[in-house]
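# Coordinates in review
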Amino acid sequence: MSLREELLPADLAFVDSHHDFFPELVLIQAQRRLYPQNGMLAHVIGYTGEVSEEELDLPEFAKYNQGDVIGKFGIERQYNDLLMGVDGQRQVVVDNRGQVRQVIGNKPAVPARTFN
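Conventions and cut-offs
- Residues numbered from 1 in each chain as written.
- Predicted model: local features only at pLDDT ≥ 70, side-chain atom pairs only at ≥ 80, totals over all residues.
- Heavy atoms only, no water.
- Helix = DSSP H or I, 4+ residues; strand = E, 2+ residues; numbered from the N terminus.
- Buried < 20%, exposed > 50% of the residue type's maximum accessible area, 1.4 Å probe, protein only.
- 1 Å grid on protein atoms, 1.4 Å probe; cavity = no way out; pocket = protein on both sides within 12 Å on 5 of 7 lines; lining within 4 Å.
- Points joined across faces, edges and corners; volume = space filled by probe spheres on them.
- Nonpolar A, V, L, I, M, F, W, Y, C, P; charged D, E, K, R; others polar.
- Phe/Tyr/Trp six-rings, centres within 6.5 Å; stacked < 30°, edge-to-face > 60°.

The next point concerns the environment of Gly71. Topologically, Gly71 is positioned in strand β2 (residues 69-73). Gly71 gets classed as buried once you look at its relative accessible area, which sits at 5%.

A few words now on the layout of surface pockets. In this model, the second largest pocket occupies a volume close to 490 Å³. Forming the walls of the second largest pocket are 16 residues, and the residues nearest its centre are Leu25, Val26, Leu27, Ile28 and Arg90. Within the residue set of the lining of the second largest pocket, elements represented by two or more residues are α1 (9-17) and β3 (89-94). The dominant element in the lining of the second largest pocket, judged by the number of residues it contributes, is β3, at 3 residues. Residues of the lining of the second largest pocket, tallied by class, amount to 9 nonpolar, 4 polar and 3 charged.

A separate point is the packing of aromatic side chains. Following the criterion strictly, the structure yields 2 aromatic pairs and no others. Between Tyr47 and Phe73, the aromatic rings sit 6.2 Å apart at their centres with planes inclined by 20°, giving stacked as the arrangement. With Tyr47 in strand β1 (residues 47-50) and Phe73 in strand β2, the pair connects residues that are 26 residues apart, well separated along the chain. Residue classification places Tyr47 among the partly exposed residues on the basis of a relative accessible area of 48%.

Below is the structure:
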């Protein structure tokens, strides 16, 4: 579940300073796709969105998980596999306060292809 998509520096400072009171709050950094200004070519570029429950039931979306952001229309959908990276994973052992006590495994994320 996502509480907020974009955080201001003051929000980040609050979460960081209150970690003892809210150990379940985890900051997850995500890269956003950049688009031309003023919506230029929006009808061609398309848009992204969270994969829906109906899409997850279709075979073509079997590789995605609930909460993944995918290309929904236009170039975004056509080239989604090239524009998406691969999520990383970290397995940890935590205590009853949510403090990390041991890192069991770490799989780094793979960034998407860039078109410079």
